[in-house]
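This is what each chain is made of:
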Amino acid sequence: MKNLVVLLIAIFGFSTVQAQFFDDVRIGAKLNGNYSKINQIHGNSKSKFGFGGGAVFMKPIDNSFEYNVQVELLFNQYGEKNETASFSEKFNLNYLSLPILFKAYFSEQETEVFGLIGPQLGYLIGKSEFKNENYNKFDFGLTGGIGLSLNRNIEGDIRIYYGLLDSSEWKEHIKAEDKVNNNFAVSLGVTYLF
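Let me begin by describing the structure that accompanies this report. (Residues numbered from 1 in each chain as written. Predicted model: local features only at pLDDT ≥ 70, side-chain atom pairs only at ≥ 80, totals over all residues. Heavy atoms only, no water.)

On to the overall build of the chain, then. If you tally the helices and strands in the chain, you get one helix and nine strands. Counting only residues that meet the buried cut, the chain has 39% of its 194 residues in that class. Considering only intrachain contacts with a sequence separation of at least 6, the fraction spanning at least 24 residues in the chain is 63%. (Helix = DSSP H or I, 4+ residues; strand = E, 2+ residues; numbered from the N terminus. Buried < 20%, exposed > 50% of the residue type's maximum accessible area, 1.4 Å probe, protein only. Contact = heavy atoms within 4.5 Å.)

As structure tokens, this is what we get:
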């Protein structure tokens, strides 16, 4: 009987804490376009356009709702365009991305500029084939940006993502002093927060 009472108290306490934690979490949807490149991988590598999108979860960390933690679960298409005089080929790396961002509005106004910064994890879920190269499944880097919020519902932002890990194990065109053939992307996105 004593164990049952302890279990019920623990369940009630956890439910209360969980309800309080998720009480002010806002959920949203995001669409973005990516202009990306894999640094130092092919001699003729150029940037290419891709797309992305997914879910956004934002939780305030102060009573004014000025400072927030924003976690996103996104599909992101990165990659490169390999061009020579005789051919042009686009190469896509499709990631499931998890940015974990500190988000700060510049004031408590409803329509306001904000900044974002934080780490981003990625898992490669698909790729187009090119020279049978081996690509690493995991990606990790830093992302940061600035945006504009309209009534704290519709938000647009521009971000830069810089990968810190090798995206490929193939390094034929990489100089000995270059250690990382990483993803680099500039993204323009729109988010709607419910």
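Attention now moves to unusual backbone geometry. A positive phi angle, near 65 degrees, is found at Phe 65, a position not held by glycine. Here Phe 65 lies in the loop between strand E3 (48-60) and strand E4 (67-83). Unusually for a residue other than glycine, Arg 152 sits at a positive phi of about 55 degrees. Take Arg 152: it is sitting in the loop between strand E7 (138-150) and strand E8 (154-163).

Moving on: the packing of aromatic side chains. For the structure shown, the criterion picks out ten aromatic pairs. An angle of 45 degrees between the planes, with centres 4.7 Å apart, marks the rings of Tyr 35 and Phe 49 as tilted. Placement of Tyr 35 in strand E1 (residues 26-38) and of Phe 49 in strand E3 is noted, with a sequence separation of 14 residues between them. Judged by its relative accessible area of 63%, Phe 49 falls in the exposed class. Site record: aromatic cluster; members linked through ring pairs are Tyr 78, Tyr 95 and Tyr 161. A cation over an aromatic ring shows up here: Lys 103 above the ring of Phe 114, its NZ or CZ 4.6 Å from the ring centre. The ring of Tyr 105 carries Arg 152 above its face, with NZ or CZ at 3.6 Å from the centroid. (Phe/Tyr/Trp six-rings, centres within 6.5 Å; stacked < 30°, edge-to-face > 60°. Lys NZ or Arg CZ within 6 Å of the ring centre and 35° of its normal.)

As defined by bridge partners, E1 adjoins E3 across eleven bridges and the pair is classed as antiparallel. Directly across from Ser 36, in E3, lies its bridge partner Lys 48. Taken together, the nine bridges between E3 and E4 define a ladder with antiparallel strand orientation. Bridge pairing in E4 places Lys 59 opposite Val 69. (Pairing = 2+ DSSP bridges.)

Our focus in this paragraph is the nonpolar core. Grouped together as the largest cluster of nonpolar side chains are nine residues: Ile 38, Tyr 78, Phe 91, Leu 93, Tyr 95, Leu 124, Tyr 135, Tyr 161 and Ala 185. Looking at this core, the element that brings in the most residues is strand E5 (residues 88-105), giving three residues. Membership of the second largest hydrophobic core comes to seven residues, among which are Leu 101, Tyr 105, Phe 114 and Leu 193. (Core = buried A, V, L, I, M, F, W, Y, C linked by side-chain atoms within 4.5 Å.)

The next point concerns the environment of Asn 76. Tracing the backbone through its elements, the reader meets Asn 76 in strand E4. Sequence-distant contacts of Asn 76, defined by excluding residues within four places in its chain, comprise Asn 32, Asn 34, Phe 51, Gly 52, Leu 93, Asn 94, Tyr 95, Ser 97 and Gln 120. Engagement of the side chain of Asn 76 in a polar contact is seen with the side chain of Ser 97, the distance being 3.2 Å. (Polar contact = N/O pair within 3.5 Å; in protein donor to acceptor, adjacent residues only side chain to side chain.)

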